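One-letter residues, chain by chain:
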Number of protein chains: 2
Amino acid sequence: MSSPTTTVLPLADRLTAAKRASRVLAQATTAQKNRALEAIAVAIVEGADAVIAANERDLVAGREQGISVGLQDRLRLDRGRIDGLAVAVRDVIAIVDPVGQVVRGSNTPDGVKLEQVRVPFGVVGAIYEARPNVTVDIAALAIKSGNAVVLRGGSAAAHSNAVLVGLLRSALESVGLPGDAVQTVDEFGRDGAKQLMNARGLIDVLIPRGSASLIETVVRESTVPVIETGAGVVHVFLDESAELDWAVDIVRNAKVQRPSVCNALETILVHRAAAARVLPAVLGDLREHGVLIHADERASEVFADVVPAVEEDWSTEHMSLELSVRVVDDLDAALEHIDRYSTGHTDAIITNDVVNADRFLAEVDSAVVMVNASTRFTDGAEFGFGAEVGISTQKLHARGPMGLPELTSTKWLVRGSGHTRR
Amino acid sequence: MSSPTTTVLPLADRLTAAKRASRVLAQATTAQKNRALEAIAVAIVEGADAVIAANERDLVAGREQGISVGLQDRLRLDRGRIDGLAVAVRDVIAIVDPVGQVVRGSNTPDGVKLEQVRVPFGVVGAIYEARPNVTVDIAALAIKSGNAVVLRGGSAAAHSNAVLVGLLRSALESVGLPGDAVQTVDEFGRDGAKQLMNARGLIDVLIPRGSASLIETVVRESTVPVIETGAGVVHVFLDESAELDWAVDIVRNAKVQRPSVCNALETILVHRAAAARVLPAVLGDLREHGVLIHADERASEVFADVVPAVEEDWSTEHMSLELSVRVVDDLDAALEHIDRYSTGHTDAIITNDVVNADRFLAEVDSAVVMVNASTRFTDGAEFGFGAEVGISTQKLHARGPMGLPELTSTKWLVRGSGHTRR
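Quick notes on the rules
- Residues numbered from 1 in each chain as written.
- Chains lettered and ligands numbered in written order.
- Predicted model: local features only at pLDDT ≥ 70, side-chain atom pairs only at ≥ 80, totals over all residues.
- Heavy atoms only, no water.
- Helix = DSSP H or I, 4+ residues; strand = E, 2+ residues; numbered from the N terminus.
- Rg over C-alpha atoms; globule rule 2.2 N^0.38 Å.
- Buried < 20%, exposed > 50% of the residue type's maximum accessible area, 1.4 Å probe, protein only.
- Contact = heavy atoms within 4.5 Å.
- Areas by Shrake-Rupley, 256 points an atom, 1.4 Å probe, with all protein chains shown as cover.
- Lys, Arg positive; Asp, Glu negative; His and termini not counted.
- Charge placed at Lys NZ, Arg CZ, Asp CG, Glu CD.
- Arc of directions from axis to C-beta.
- Polar contact = N/O pair within 3.5 Å; in protein donor to acceptor, adjacent residues only side chain to side chain.
- Pairing = 2+ DSSP bridges.
- Axes fitted to C-alpha atoms, helices over the stretch in contact; angles between N-to-C directions.
- Buried area = accessible area lost by both parts, 1.4 Å probe.
- Salt bridge = Lys/Arg side-chain N within 4 Å of Asp/Glu carboxyl O.
- Nonpolar A, V, L, I, M, F, W, Y, C, P; charged D, E, K, R; others polar.

Caption draft 1: Molecular detail of the overall build of chain A. In terms of helices and strands, chain A carries 15 helices and 16 strands. Taken against the 2.2 N^0.38 rule, which gives 22 Å for 422 residues, the C-alpha radius of gyration of chain A at 24 Å falls within 12% of a compact globule. Across its three principal directions, the C-alpha atoms of chain A cover 70 × 65 × 35 Å. Looking at the 422 residues of chain A, the share that counts as buried comes to 57%. Summarising the internal contacts of chain A: among those between residues at least 6 apart in sequence, 72% fall at separations of at least 24. Carbon and sulfur atoms form 50% of the exposed surface of chain A, whose accessible area is close to 15,600 Å². Measuring between centres, the 42 positive side-chain charges of chain A sit 10 Å from its 56 negative side-chain charges.

Quick look at the structure:
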């Protein structure tokens, strides 16, 4: 099922081919790109049998290597998930194409016309692990934003990804766009990732998705600019004036609704003057939902059904039904704790105090800072972006949930009529 | 004259101190920051004698080491240049403060309020060489945009920079802002640059300014995100329909007005059907202005007063009164040449053909693409930014002339009233 053209080219040639194809994608109209996405949605559903067969080979190999049940689940593609992928691709059709948007413009005093317009990056590289759905997701987003994409999806999903990439390439070609706009470097193993990270001039931006250690490696080793989609050690601070109902509802929602994602709550900080009033209800509710609570001494004085928190807990992203609780003396102590342990993803305060709310919003240096809302709102769909490229925890280029515009750059168009500079 | 606090702290402590100070700068009001800039303008003029004495030591050391006359000129600070620096600092007072600007905002369907606002990066690192004026320029821009700054200005200007940094720090303190917001790591030599490049979490963004090799080193070695302000192998393509007067005026302006800067013209491409018509006037005019012309064979057939161009010329940024000329068969050949040799800074077409103008604008993948205008317009002041941080040749975060907003990041402020995600 895998297209023959995906396997014959050595790595450097694939990058060059992607670069060449990116020039075509960059000039493609929105209508052309949408036709490609529709063809992809059709192709992955029609090719579902082949995808599932390849995926089964990955799963068998994974089980032989003893990968965890959670990892097996992430790796699995069944008919339902493939249908879901096709729906996600069709959702991208509905998103506004950012390419060509005029960001700003003006005339110089002498009448030279300046326009800053959105253009595709060119070639987007993606490095991820054991998530074949990302292959389709990121390719769809890249294509809609006029970019070619080079994928390194990891050995655990290599068979699944090879079939999916073949389908993506054929779908592009079926609408007259270059199949070379989607490339995989999976067969080259670790060397493939290394070469992607050093392909300055061929890859314009690299997006790592996966474990903290994968992201850290890419950030450290890549000479290609990276958009870091980081881990979330996410805090909620229950201020002295926190409304009890809001505290219970928001903490439950932030921790329990989907504990395995990066916007899920990991640490509750609580003002010492509120601890006795709010913690029993907040933590009691969490216990009813099966959450294991790591509490510091002062918190365990007002709620006993806990395990003792250790230093390591404050920097732990549990990603499961566990969380840490600490009593702090005041807002300043909460801000200091967050400054020290937050990964700069999302942090929230529950308060009824305007001054404290404003200070928290101003002083917490995170991508998303919230007052009286669940940290689960940090999400591209919730922000109205239609699709999410990831959640950036870096400060350069993009911060917080990224939509399609974050997969573009800009360029300046300057129009004169013989103008020279004075 | 150098403030004692600039020399006692070891490097890591300076970075930590800068980070701490950045929190204060981030919350400073525009009025406070403007008072600091006024104090800086006053301080460098009042301290001019000390600056000039230190600069003289740098110049003597430089001459002993046999640095070029051009480098000596870049290094020199006299009273006129110091006055000019003070004027530049006061110009920054007049620029709009980007911090706190609302970039966009909306409400979710359930009424959660989302606002994306501009915030300072935090700590900006600058690595540059033998340009003490950059010390003041970049510090003023950083302060106005609410950032702390860590400077590595190179050994050649170490004495000048030490005195300037002392003045900057005192000026900040005189208006109640932390002097620690300006740090130098010059005394630590190459190790200082290395540590800056690896100070993830302490330095938020690194801006190298200087030679291509300096920038290349920083891009390759830095794990801190870099904004690349790159070299300019800048092209003007004289299309078949190029207006002769415009061609002569624009080429002269682009090459001769200030040959040592990155937006100066380096290579003329000319349509073969226009070569005999336009080259004699265009190149004759350049020769009258003392420009040495490296021409390919076909160009030298219509204009003889040249030296033969060699392959290396096409990728050379002369930065002096030299330039390369090549005759190409058509627009496609011009686009291919630019694709291969341009550094992606600025490229222009002189044409009277709408279709060719549009193709050139769409297909040339450079930060600034021009029709019928001088490449010298690629400049922050010309673009109306009030001051220029540099000209970015990368695609991430900023592309083309950078103003103050490019020295900021954003964060999302989310306000609910007990909202949880469905």
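That covers the picture; the talk isn't over yet.
Caption draft 2: Summary view of helix α9 (residues 189-197) of chain B. All names here are of chain B. Taken together, the buried positions of α9 are Gly-192, Ala-193, Leu-196 and Met-197. Relative to the axis of α9, the buried residues are bounded by an arc of 135° and lie together on one face. For α9, the secondary structure elements touched by its buried residues are α2 (11-27), β3 (123-128), β4 (148-152), β6 (205-209) and α10 (212-221).

Caption draft 3: How the structure looks around the side chain of Asp-97 of chain A. All names here are of chain A. Its place among the elements puts Asp-97 in the loop between α6 (79-94) and β1 (102-107). Residue class for Asp-97 comes out buried when judged on its relative accessible area of 11%. At a separation of 2.7 Å, a polar atom in the side chain of Asp-97 contacts the side chain of Thr-30.

Caption draft 4: Molecular detail of the sheet that holds strand β8 (residues 265-271) of chain B. What the 10 strands build is an open sheet, ordered β1(A)-β2(A)-β16(A)-β13(B)-β12(B)-β7(B)-β8(B)-β11(B)-β9(B)-β10(B); its pairing is mixed. Two strands bound the open sheet, and with one partner strand each, they are β1 of chain A together with β10 (307-308) of chain B. Contacts from helix α11 (residues 244-256) of chain B reach β16 (408-419) of chain A together with β7 (234-238), β8, β11 (322-328), β12 (346-350) and β13 (368-373) of chain B within the one sheet, and its direction differs from that of β8 of chain B by about 160°.

Caption draft 5: Summary view of the environment of Val-328 of chain A. All names here are of chain A. Structurally, the position occupied by Val-328 is in strand β11 (residues 322-328). Owing to a relative accessible area of 5%, Val-328 belongs among the buried residues under this scheme. When the C-alpha atoms of Val-328 and Gly-189 are compared, they prove to be 47 Å apart, with 139 residues separating the residues in sequence. Once residues within four sequence positions are removed from consideration, Val-328 is found in contact with Phe-237, Leu-269, Val-270, His-271, Arg-272, Arg-298, Ala-333 and Ala-334.

Caption draft 6: Molecular detail of the interface of chain A and chain B. Across the contact, 67 residues belong to chain A and 67 residues belong to chain B. Between chain A and chain B the total buried area reaches about 5,800 Å² when both faces are included, carbon and sulfur atoms providing 52% of it. Of all residues in chain A, the largest losses of buried area upon contact with chain B belong to Leu-396, Trp-412 and Arg-421 of chain A, amounting jointly to 15% of the total for that side. Taken together, the links from chain A to chain B amount to 12 salt bridges. Residue Asp-204 of chain B pairs with Lys-395 of chain A through a salt bridge whose shortest N-O separation is 3.4 Å. For the interface between chain A and chain B, the tally reads 53 residue pairs in polar contact (both at pLDDT 80 or more). Mapped by element, the contributors of at least two residues to the side of chain A that touches chain B are α2 (11-27), β2 (113-120), α10 (212-221), α11 (244-256), α15 (354-363), β13 (368-373), β15 (400-402) and β16 of chain A. The biggest single contributor to the side of chain A that touches chain B is β16 of chain A, with 11 residues. Residue classes in the side of chain A that touches chain B are distributed as 28 nonpolar, 19 polar and 20 charged. Summarising the sheet, β16 of chain A and β13 of chain B pair through five bridges and their orientation is parallel.

These figures come from the coordinates and say nothing about function on their own.
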